[in-house]
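Listed here are the chains, written in short residue letters.
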Amino acid sequence: MGSKSSSLNKIPNAQELMQETGFSAAHILRLYERFEFLDVDQMGELRPEDFGAIRELSMNPIGDRIISAFFSPGKETVDFASFVRILAHFRSTETNRTRDGAQPEPANSRTRKLKFAFQLYDQDRDGKISREELLQVLRTMMEMQVTEEQLQSIAERAIQEADLDQDDAISFDEFRKSMEKVDIDHKMSIRFLS
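Note that this is a predicted model, so its numbers are computed, not measured.

Cut-offs used in this document
- Residues numbered from 1 in each chain as written.
- Predicted model: local features only at pLDDT ≥ 70, side-chain atom pairs only at ≥ 80, totals over all residues.
- Heavy atoms only, no water.
- Helix = DSSP H or I, 4+ residues; strand = E, 2+ residues; numbered from the N terminus.
- Buried < 20%, exposed > 50% of the residue type's maximum accessible area, 1.4 Å probe, protein only.
- Areas by Shrake-Rupley, 256 points an atom, 1.4 Å probe, with all protein chains shown as cover.
- Expected span 1.5 Å × (residues − 1).
- Axes fitted to C-alpha atoms, helices over the stretch in contact; angles between N-to-C directions.
- Parallel < 35°, antiparallel > 145°, perpendicular 65-115°, else oblique.
- Left-handed = near helix turned anticlockwise from the far one by under 90°.
- Contact = heavy atoms within 4.5 Å.
- Salt bridge = Lys/Arg side-chain N within 4 Å of Asp/Glu carboxyl O.
- UniProt positions renumbered as here; feature names shortened; annotations may be inferred.
- Phe/Tyr/Trp six-rings, centres within 6.5 Å; stacked < 30°, edge-to-face > 60°.
- Lys NZ or Arg CZ within 6 Å of the ring centre and 35° of its normal.

A word on the overall build of the protein chain
Inference 1: The helix and strand tally for the protein chain stands at 11 helices and two strands.
Inference 2: Across the protein chain, helices and strands are ordered from the amino to the carboxyl terminus as α-α-α-α-α-α-α-β-α-α-β-α-α.
Inference 3: Taken across its 194 residues, the protein chain has 38% of its residues classed as buried.
Inference 4: Only carbon and sulfur atoms are counted for the fraction: they give 49% of the accessible area of the protein chain, which is about 12,000 Å².

Let's talk about helix H7 (residues 110-121)
Inference 1: Counted at 1.5 Å a residue, the expected span for H7 with its 12 residues is 16 Å, and the 17 Å between its end C-alpha atoms agrees.
Inference 2: Of all the residues in H7, the buried ones are Thr111, Lys113, Leu114, Phe116, Ala117, Phe118 and Leu120.

Section: the packing of helix H2 (residues 14-21) against helix H6 (residues 80-87)
Inference 1: Interaxial distance between H2 and H6 falls to 10 Å at its minimum, and their mutual angle equals 20 degrees. With respect to each other, H2 and H6 are oriented roughly parallel. Handedness of the H2/H6 crossing: right-handed. Listed contacts from H6 to Leu17, Glu20 and Thr21 of H2 are Phe80, Ala81, Val84 and Arg85.

What about the pattern of salt bridges?
Inference 1: What the rule picks out here adds up to 14 salt bridges.
Inference 2: For the salt bridge of Arg139 with Glu132, the shortest nitrogen-to-oxygen distance reads 3.1 Å.
Inference 3: Looking at Arg139, the relative accessible area reads 30%, which means it is partly exposed.
Inference 4: You can call Glu132 partly exposed: its relative accessible area is 40%.
Inference 5: Between Arg139 and Glu148 there is a salt bridge, with its nearest N and O atoms 2.7 Å apart.
Inference 6: Judged by relative accessible area, Glu148 falls into the partly exposed class, the value being 36%.
Inference 7: Three or more residues joined by partner-sharing salt bridges are found here, namely Asp41, Arg47, Glu49 and Asp50.

Observations concerning the UniProt feature "domain: EF-hand" (unreviewed entry) in the protein chain
Inference 1: Mapped onto this numbering, the UniProt entry gives "domain: EF-hand" (unreviewed entry) at residues 109-144 and 150-185.
Inference 2: Spanning residues 109-144, this segment combines 67% helix with 8% strand, and its end C-alpha atoms are found 35 Å apart.
Inference 3: Structurally, residues 150-185 is divided into 61% helix and 8% strand, and its ends, taken at the C-alpha atoms, are 29 Å apart.

A few points about the packing of helix H3 (residues 25-38) against H6
Two measures define how a pair of helices packs: the angle their axes make with one another and the distance between the axes.
Inference 1: Relative to each other, H3 and H6 sit at 120 degrees, their axes nearing to 11 Å. Taken together, the axis directions place H3 and H6 in an arrangement best described as oblique. Both H3 and H6 take part in a crossing whose hand is right-handed. Between H3, through Ile28, Leu31, Tyr32, Phe35 and Leu38, and H6, the contact on the second element is made entirely by Phe80, Phe83, Val84 and Leu87.

Let's talk about the packing of aromatic side chains
Inference 1: Under the defined criterion, the tally for this structure stands at 12 aromatic pairs.
Inference 2: An angle of 45 degrees between the planes, with centres 4.8 Å apart, marks the rings of Phe51 and Phe70 as tilted. Within this pair, whereas Phe51 is found in the loop between H3 and helix H4 (55-59), its partner Phe70 is found in the loop between helix H5 (63-68) and H6, the two being separated by 19 residues in sequence.
Inference 3: Of the residues examined, Phe51 reaches a relative accessible area of 0% and is grouped as buried.
Inference 4: Using a relative accessible area of 6% as the deciding quantity, one classes Phe70 as buried.
Inference 5: Of note, Arg91 hangs over the ring of Phe23, and the distance from its end group to the ring centre comes to 5.7 Å.
Inference 6: The aromatic ring of Phe172 is capped on one face by Lys115, whose charged end is 5.8 Å from the ring centroid.

Here you go:
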């Protein structure tokens, strides 16, 4: 295959992507191979239907929501750089990595992972998870395992526990507080070189 550095030369902005996302050269190469595999039309862009080839997403009850997170509002395609930036949310957190105040927070930080997860619920992008948005996710994830009444009860309890300002919705700060004891790094990590 040749050296990694020569292979990286065929990938636009590879060095910048490595710097921005924290992915290694091997990760970037592997992601580029995966991107090219998914890009069946060889247009240099992926459409939502191209993600259907990813078994883990096709089997995930909220796979459609995860796929939609790759696309900016009004955009129907995603390029390689955007693909990598989204996947950076799923890198394991590096606790010993320091950054100065001028550097943006890494995509794989706890806060950025929580924001990404929050957006999977907040489908109307109003900055709050409404009872109906929570119910939509619960219906999708639980499918036919529980009754509608049980789903309503679960949603009601979740809202009551997380909704600190009593506005009948969950803001990002409330979501973050409710997730304090959750190992988000474990729940939102993918092994990229497997």
